[in-house]
Each structure stands twice: as structure tokens, then as C-alpha cells.
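Each chain, letter by letter, is given below.
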Amino acid sequence: MTKENYFHYSGEQAWCPGCGDYSILSSVESALVNLKKKPHEVLIVSGIGQAAKLPHYINTNGFDGLHGRALPAAFGAKVANHKLMVLVTSGDGDIYGEGGNHFIHAIRRNIDITLIVHNNQVYGLTKGQASPTSDLGMVTKTQPDGVITTPFNPLTMAITLDAVFVARSFSKEVEFTTKLIEEGVKTPGFSLIDVLQPCVSFNHINTYKWYSDKVYKLDNSYNPTDKLKAYKKSTEWGNKIPIGVIYKNPRKTYLDNFIKPRDIPLIKRKTNIKRVESLINDLY
Ligand SMILES: Cc1ncc(C[n+]2csc(CCOP(=O)(O)OP(=O)(O)O)c2C)c(N)n1
Ligand code: SF4
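Worth saying up front: this structure is predicted, and the values here are computed from it rather than measured.

Caption draft 1: Geometry of the site of ligand 1. For ligand 1, the set of nearby residues contains 16 residues, the closest of which are Gln50, Ala51, Gly93, Asp94 and Gly124. The separation between an oxygen atom of ligand 1 and a polar side-chain atom of Asp92 is 3.3 Å. Leu125 places a polar main-chain atom, nitrogen or oxygen, 2.9 Å from an oxygen atom of ligand 1. Look at ligand 1: alone it shows 590 Å² of surface, and the protein chains cover 73% of it. Breaking the shell around ligand 1 down by element, the ones donating at least two residues are helix H4 (92–98) and strand E5 (122–123). In terms of residue count, H4 provides more of the shell around ligand 1 than any other element does, 4 residues in total. Partitioned by chemical class, the residues of the shell around ligand 1 number 5 nonpolar, 8 polar and 3 charged.

Here it is in C-alpha cells:
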């Protein structure tokens, strides 16, 4: 099984040449191959944005939600069919901005979904306005005097909320990102992989060189199960940016508590139409 003959989409793509989104797509394809998944066993959900086009460019089940609403759609799909592997791939604006509320509560619920955020620190699709992760002072067409709001730190937020798996990568590190996606998928519960992704058209500050000069891989001496150390690590930004698994915190998933014990996906359960009819009649 190779990504070329299984998951690869050979039609047109609307991403700019050089965009970091291509590498993330390649990492997702490789992870699915390595995980021995078949296209019908996978659902990729997104919201709106450049990153959110990823499900169009891969041969799996796909669903585009509204802007910021990828996570609730993914949650619904997972509850209906918990045998499905569900990935969410979307942008930093979509997930941390418009969808910020869902991000918080998805972590709390600990649904077994892997979230891959293409973090380019701008709103790419709408041509480069500041996003929640834009650095202070960044000048854009809509922030001509520079960003004045404190950047959102998704890693610290996820650690604070006791996420089971929190990782960061850099899109250029294709194999490294692939391995993190595999590990995120294998970890039961809600996994976050924040991938630094250069937007070559609208972010001329956080470029390939800017990230390459700063990122470093965490080695075995780092213990991701130590919450306080993970918290501190997640705040490293500037001259040095760590990539790898920042935090691990195994705990029961939402479906362990809710559906798993019965182990029959909702879509496979027989519906007693008579009971549904009587329920509807009661409501009228
Ligand atoms: C409710 C709503 N608000 C705003 C928009 C306009 N809009 C579309 S994409 C987008 C930003 C996307 O940025 P991001 O999620 O970071 O993804 P990128 O395009 O950078 O990959 C915005 C503001 C919209 N479609 N719907
Ligand atoms: S605008 Fe930026 S994020 Fe969008 S496709 Fe082009 S380089 Fe990628």
C-alpha cells in the first residue's frame, strides 16, 4: 500500500507554490499508510480556510464544516461511528479563533480525535490578517500599527485542560510530523498537533528561515509526563522553539465512559421506528 495509489489525489490544488500545507498533506498521507488505514476507515474534517482544503486533496471521507466548526462535526461523526478514525485538519484562525470555544471543550471531553492545526500565524485565505497566534507587533493590512493583542498559546491551553497528547511540529519536517500524527492517532483521546506552517504569500515574518533557525527537536532527556515542565516548555518561543511531544497525560476518553462499553457504533444499532414515532408524537 502506498500513498500514491491509495490516498493521493492527483487533481488541481489551489494552494500557492511553496505553501507549508503541501508538506502537512504529505505527512497525513504517510501516517495513514503507516497506520495501515484504508480510505473508507478514515474521516478528515475541517472548517474554512486554506488549511481546511486538505480534505479535498486526499482520498478519504471528508467533511467541511462552517468556519470554526470542524470539531463539533468531527465529534458527532465519532459518536455515531466510533470505529472511524477521525482527523481534524484546519488553520489556527479556524481552530483557535472562530472555533476557540470548541477547542476548549473538545479537550475537556477528551474525544478520540487527532487535531492537526496548520499554524501559519495569519488568516491565509482572506489574505493575511492577524490570527490568534500572530506575534505582538506584526504589521498586516488590517493591523497597520502592529498586533496589540497577546498571542494565544494553544499548547499551554491544552496542557492546562489536561489534554492527553500535546505536540508541536514544523511542516518542513515531514517525517517528524508523520511520526507525531501516528502517535497522536494511537493515543486514545483528544490529541493536538500544532504544526508551524509557513504562509509564503502573506506571512513574510514567520518564514521557512525564521522557523528553521529556531526549532529544535526534544530529545529523550525530556519527560513529557511532567506537567509543570511541559507547561514551561510550551511557553518557549522566540529564539528557540521546541518541537516534539510536549505533554502526555493518559486518561479515559469520552466514549470510554459513554458508548464504548456497549461497543456497537450508533450507526449499526437498530432503530425502533415505533418508539421514535411515539417520541415525536409526544413532542407535538
Ligand atoms: C463565520 C465566518 N467568519 C469569517 C469568515 C471569513 N474567513 C474565511 S477563512 C478565514 C480565515 C482562515 O484562517 P485560518 O483558519 O488561519 O486558515 P488559513 O487560511 O490561514 O489556512 C476567515 C476569517 C468566514 N468564512 N466565516
Ligand atoms: S495564502 Fe498562504 S496559507 Fe494560503 S495557500 Fe498561499 S501560502 Fe498557503
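That shown, we press on.
Caption draft 2: Up close: the nonpolar core. Membership of the largest hydrophobic core comes to 34 residues, with the highest contact counts inside it found for Val88, Phe103, Leu115, Val166 and Leu192. When contributions to this core are tallied by element, the ones reaching two or more residues are strand E1 (42–46), helix H3 (70–80), strand E3 (85–91), H4, helix H5 (100–109), strand E4 (114–119), helix H6 (154–160) and strand E10 (241–248). Per-element accounting of this core gives the leading share, 6 residues, to H3. Ile24, Ile44, Met85 and Ile181 belong to the second-largest nonpolar core, a separate cluster that totals 27 residues.

Caption draft 3: Up close: the site of ligand 2. All residues adjacent to ligand 2 are Trp15, Cys16, Cys19, Gln50, Asn120, Gly124, Gln197, Cys199, Val200, Ser201 and Phe202. Of the residues assigned to the shell around ligand 2, the class counts are 6 nonpolar, 5 polar and no charged.

Caption draft 4: Structural detail: the packing of aromatic side chains. Scanning all chains against the criterion turns up 12 aromatic pairs. Relative to Phe7, the ring of Tyr6 lies with its centre 5.5 Å away and its plane at 90°, an arrangement referred to as edge-to-face. Exposure remark for Tyr6: the relative accessible area of 27% places this residue in the partly exposed category. For Phe7, a relative accessible area of 0% translates into the label buried. Ring centres 6.2 Å apart and planes at 70° place the aromatic pair Phe103 and Phe152 in the edge-to-face group. Of this pair, Phe103 sits in helix H5 while Phe152 sits in the loop between strand E6 (129–130) and H6, placing them 49 residues apart in sequence.

Caption draft 5: The arrangement of the UniProt feature "domain: Thiamine pyrophosphate enzyme TPP-binding" (unreviewed entry) in the protein chain in detail. If you check UniProt for "domain: Thiamine pyrophosphate enzyme TPP-binding" (unreviewed entry), the listed places come out as residues 52–195 in our numbering. When the span residues 52–195 is considered, its composition is 33% helix and 22% strand, and the gap between its end C-alpha atoms is 14 Å.

Caption draft 6: Structural view of the sheet that holds E10. Taken together, the 8 strands give an open sheet; going across it, the order is E2-E1-E3-E4-E8-E7-E10-E9, and neighbouring strands pair in mixed fashion. Looking along the sheet, the strands with just one partner apiece sit at the ends: strand E2 (61–64) and strand E9 (215–217). Here the strands of the sheet are splayed against their neighbours by 20° on average, with no regard to which way each runs. Where helix H9 (residues 227–234) meets the sheet, its contacts fall on E9 and E10, and the angle it forms with E10 comes to roughly 150°.

Caption draft 7: Geometry of unusual backbone geometry. Within the chain, Lys36 stands out as a residue other than glycine whose phi angle is a positive 60°. If you trace the backbone, Lys36 turns up in the loop between helix H2 (21–34) and E1. Positive phi outside glycine occurs at Lys127, with the angle close to 80°. Within the element layout of this structure, Lys127 appears in the loop between E5 and E6. Overall, Lys127 belongs to the exposed group, its relative accessible area being 56%.

Caption draft 8: Spatial organisation of helix H7 (residues 174–186). Its 13 residues give H7 an end-to-end C-alpha distance of 18 Å, which sits within 8% of 18 Å, the value for a rise of 1.5 Å per residue. Taken together, the buried positions of H7 are Thr177, Thr178, Leu180, Ile181, Glu182, Gly184 and Val185. Looking at the buried residues of H7, the elements they touch are H2, E3, E4, strand E7 (165–170), strand E8 (191–196) and E10.

Caption draft 9: Representation of the pairing of E8 in the model. Among the 6 residues that make up E8, 6 are buried, leaving the element largely enclosed by the rest of the structure. Of the two faces of E8, both are covered, the one formed by Ser191, Ile193 and Val195 as well as the one formed by Leu192, Asp194 and Leu196. Across 6 bridges, E4 lies against E8 in parallel orientation. Bridge assignment links Asn119 to a residue of E8, and that residue is Leu196. In this sheet, E8 lies alongside E7 in parallel orientation, the contact comprising 6 bridges. Opposite Arg168, over in E8, you have Asp194 as the bridge partner. With respect to chirality, the unit in which E7 leads through H7 into the neighbouring parallel E8 is right-handed.

About the thresholds
The written sequence of each chain sets the order in which its residues are numbered from 1. Just so you know, chain letters begin at A and ligand numbers begin at 1, following the order they were written in. Confidence filtering applies because this is a predicted model: local features only for residues at pLDDT of at least 70, side-chain atom pairs given and counted only at 80 or more, and all residues used for totals across whole chains, interfaces and linings. With hydrogens and water excluded, all non-hydrogen atoms of the structure serve as input to the side-chain values. Nearness of a residue to a molecule or strand requires only that one of the residue's heavy atoms be within 4 Å of it. N or O atoms closer than or at 3.5 Å make up a polar contact, with two conditions inside protein: a donor-capable atom paired with an acceptor-capable one, and, for residues adjacent in sequence, both atoms drawn from side chains. Only the protein chains shown count as cover for residues, and all accessible areas are computed by the Shrake-Rupley method using a 1.4 Å probe. Put simply, DSSP H or I for four residues or longer makes a helix, DSSP E for two residues or longer makes a strand, and each gets a number counted from the N terminus. In this classification, the charged set is Asp, Glu, Lys and Arg, the nonpolar set is Ala, Val, Leu, Ile, Met, Phe, Trp, Tyr, Cys and Pro, and all remaining amino acids, among them Gly, are polar. What we call a nonpolar core is a set of buried Ala, Val, Leu, Ile, Met, Phe, Trp, Tyr and Cys residues that are connected through their side-chain atoms within 4.5 Å. The cut-offs for exposure are 20% and 50% of the maximum accessible area for each residue type, with area from a 1.4 Å probe on protein chains only; residues under the lower value are buried, those over the upper are exposed, and the others partly exposed. In this analysis, rings of Phe, Tyr and Trp, with Trp reduced to its six-membered ring, are considered paired at centre separations within 6.5 Å, and the interplanar angle assigns stacked below 30 degrees, edge-to-face beyond 60, and tilted for intermediate values. UniProt positions are given in the numbering used here, feature names are shortened, and annotations may be inferred rather than shown by experiment. Here a strand pair is declared whenever DSSP counts at least two bridges between the two strands. To get an axis, a line is fitted to the C-alpha atoms, and for a helix only the part in contact is used. The angle between two axes follows their N-to-C directions and goes from 0 to 180 degrees. Only heavy atoms enter the contact rule, under which two residues are in contact if any of them lie within 4.5 Å. To estimate how far a helix should extend, the number of its residues minus one is multiplied by 1.5 Å. Orienting the strands away from the viewer, one traces the path from the first strand over the helix to the second; a clockwise path indicates a right-handed crossover.

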